[in-house]
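# Observations on the three-dimensional arrangement
These are the residues of each chain, in order.
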Amino acid sequence: MGTDLHELLRSLRVWDPEVTSLPPFDPAAAPAEPLPLFAAWLAEAVAAGQREPHTMSLATSDADGNPDVRIVMLHGADEEGWSFATHATSRKGTDLAARPYAALAFYWPALGRQVRLRGPVTTAPSTDSRSDLHARSTGALAAALTGRQSQVLGSLEELAEESEAAWERARREPDAPVPTWTLYRLRPDEVEFFQGDERRRHVRLKYGRVEGGWARELLWP
């Protein structure tokens with residue numbers, strides 16, 4: 001018998017108290033800028049046992065305005081922006097070349113929290129892209145050396161062959177160059193922090209960039 005999708009969905013819980021804690025959030029006590037609050041929330045997600053808290057949804061659109069979204073890893077966050085990396089020739093890369101604007105979303109169900117950002121995206125200097133790649137694992141370098149991300153793959157055997165060769169080279173040449181590997185930085189115009197509440201009185205605090213700093217406002221849940 002096949003899965004009854006509707007029945008399965010109705011059986012699922014959100015923020016099960018056995019695995020989720022919904023801490024209070026006082027927006028009046030939030031810092032003047034979003035980055036310190038993001039760093040604090042990320043650290044609290046780690047402490048709460050959230051799996052892979054550094055992963056995020058990245059939404060882009062192509063030259064025709066068609067949207068796309070996928071999960072990527074956060075590589076850093078500072079005054080220059082929230083950073084992620086990919087091949088410039090991948091779908092993400094070609095989307096950003098056509099429309100250098102994107103959105104990010106973090107979801108930490110262990111605390112019932114979300115963080116959403118959107119803003120223009122720029123490419124980091126090539127020296128930063130190389131440093132970012134070579135600071136990562138052998139596996140990350142091997143995956144980058146395999147290349148051809150988002151292109152049509154003929155077979156899994158072809159992937160295995162190319163991957164094995166890439167792993168061998170990554171071990172042999174830990175500083176091997178990958179010219180298409182690019183570090184991107186999203187400099188947010190808006191950052192929203194969402195704290196879930198068991199009575200659905202969710203707290204939403206939005207930071208909007210203004211001249212000389214940030215403006216803050218609350219949003220209805």
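Summary of the structure given here. All figures in this text were calculated on a predicted structure; none of them were measured in a lab. (Residues numbered from 1 in each chain as written. Predicted model: local features only at pLDDT ≥ 70, side-chain atom pairs only at ≥ 80, totals over all residues. Heavy atoms only, no water.)

## With respect to the overall build of the protein chain
Counted only if it meets this: Counting from the N terminus, the helices are DSSP H or I runs at least four residues long and the strands are E runs at least two residues long. Residues count as neighbours in contact if any of their non-hydrogen atoms are within 4.5 Å of one another. Surface exposure here means Shrake-Rupley accessible area, sampled with a 1.4 Å probe, where a residue is shielded only by the protein chains that are shown. Just so you know, the count uses Lys and Arg for positive and Asp and Glu for negative, and it drops His and the chain ends. A charged residue contributes its charge at one atom only: NZ of Lys, CZ of Arg, CG of Asp or CD of Glu.
Along its length, the protein chain carries 6 helices and 10 strands. Partitioning the contacts of the protein chain with sequence separation of at least 6, the portion at a separation of at least 24 is 64%. When the accessible surface of the protein chain is split by element, carbon and sulfur atoms take 52% of a total near 13400 Å². Treating the 25 positive side-chain charges of the protein chain as one cloud and the 32 negative ones as another, the clouds have centres 4 Å apart.

## With respect to the pattern of salt bridges
How we decide: Counted as salt bridges are all cases of a side-chain nitrogen of Lys or Arg within 4 Å of a carboxyl oxygen of Asp or Glu. Here the term buried applies to any residue with accessible area under 20% of the maximum for its type, exposed to any over 50%, and partly exposed to those in between, with areas from a 1.4 Å probe on protein chains only.
Using the criterion set out here, one finds 18 salt bridges in the structure. Two residues, Glu190 and Arg118, come together in a salt bridge whose shortest N-O distance is 3.2 Å. Placement of Glu190 in strand β8 (residues 190–195) and of Arg118 in strand β6 (residues 113–123) is noted, with a sequence separation of 72 residues between them. Among the residues examined, Glu190 registers a relative accessible area of 25% and is labelled partly exposed.

## A few points about the layout of surface pockets
The line we're drawing: Here a cavity is any set of points on a 1 Å grid over the protein atoms alone where a 1.4 Å probe fits but cannot get out, and a pocket is any open set with protein on both sides within 12 Å along at least 5 of 7 lines; a residue lines the site when it has an atom within 4 Å of a point. Grid points are joined across faces, edges and corners, and a volume is the space filled by probe spheres set on the points. Only Asp, Glu, Lys and Arg are considered charged in this grouping, and only Ala, Val, Leu, Ile, Met, Phe, Trp, Tyr, Cys and Pro are considered nonpolar; every other residue, Gly among them, is considered polar.
Here the largest pocket defines a volume of roughly 350 Å³. As for the largest pocket, its lining consists of 17 residues, of which Ala85, Ala140, Ala143, Gln149 and Trp181 are closest to the centre. Elements with a minimum of two residues in the lining of the largest pocket: β2 (67–73), β4 (81–87) and α5 (138–146). Of the residues contributing to the lining of the largest pocket, the split by class is 9 nonpolar, 6 polar and 2 charged.

## Focus: the nonpolar core
The condition that has to hold: Here the nonpolar core consists of buried residues drawn from Ala, Val, Leu, Ile, Met, Phe, Trp, Tyr and Cys, with membership extended through side-chain atoms lying within 4.5 Å.
In this structure, Phe106 and Val115 are the most contacted members of the largest nonpolar core, which totals 28 residues. Going through the elements one at a time, α2 (34–47), β1 (55–61), β4, β5 (101–108), β6, β7 (181–186), β8 and β9 (203–210) are the ones with two or more residues in this core. With 5 residues, the single largest contributor to this core is α2. Excluding anything up to four places from it in sequence, Val115 contacts Phe38, Trp41, Leu104, Ala105, Phe106, Trp108, Val191, Glu192 and Phe193. Within the second largest apolar cluster, 13 residues are counted, among which are Ala124, Ala144, Ala176 and Val178.

## Describing the side chain of Arg113
To be explicit about the condition: As used in this structure description, the phrase polar contact means that two N or O atoms lie within 3.5 Å; if the pair is within protein, one of them must be able to donate a hydrogen and the other to accept it, and residues adjacent in sequence are counted only when both atoms belong to side chains.
Along the chain, Arg113 falls in strand β6. Taking the relative accessible area as the measure of exposure, Arg113 reaches 3% and is therefore buried. A polar atom in the side chain of Arg113 sits 2.6 Å from the side chain of Gln195. Once you skip the residues sitting within four places of it in the chain, Arg113 turns out to touch Pro23, Trp41, Glu44, Phe106, Tyr107, Trp108, Phe194 and Gln195.

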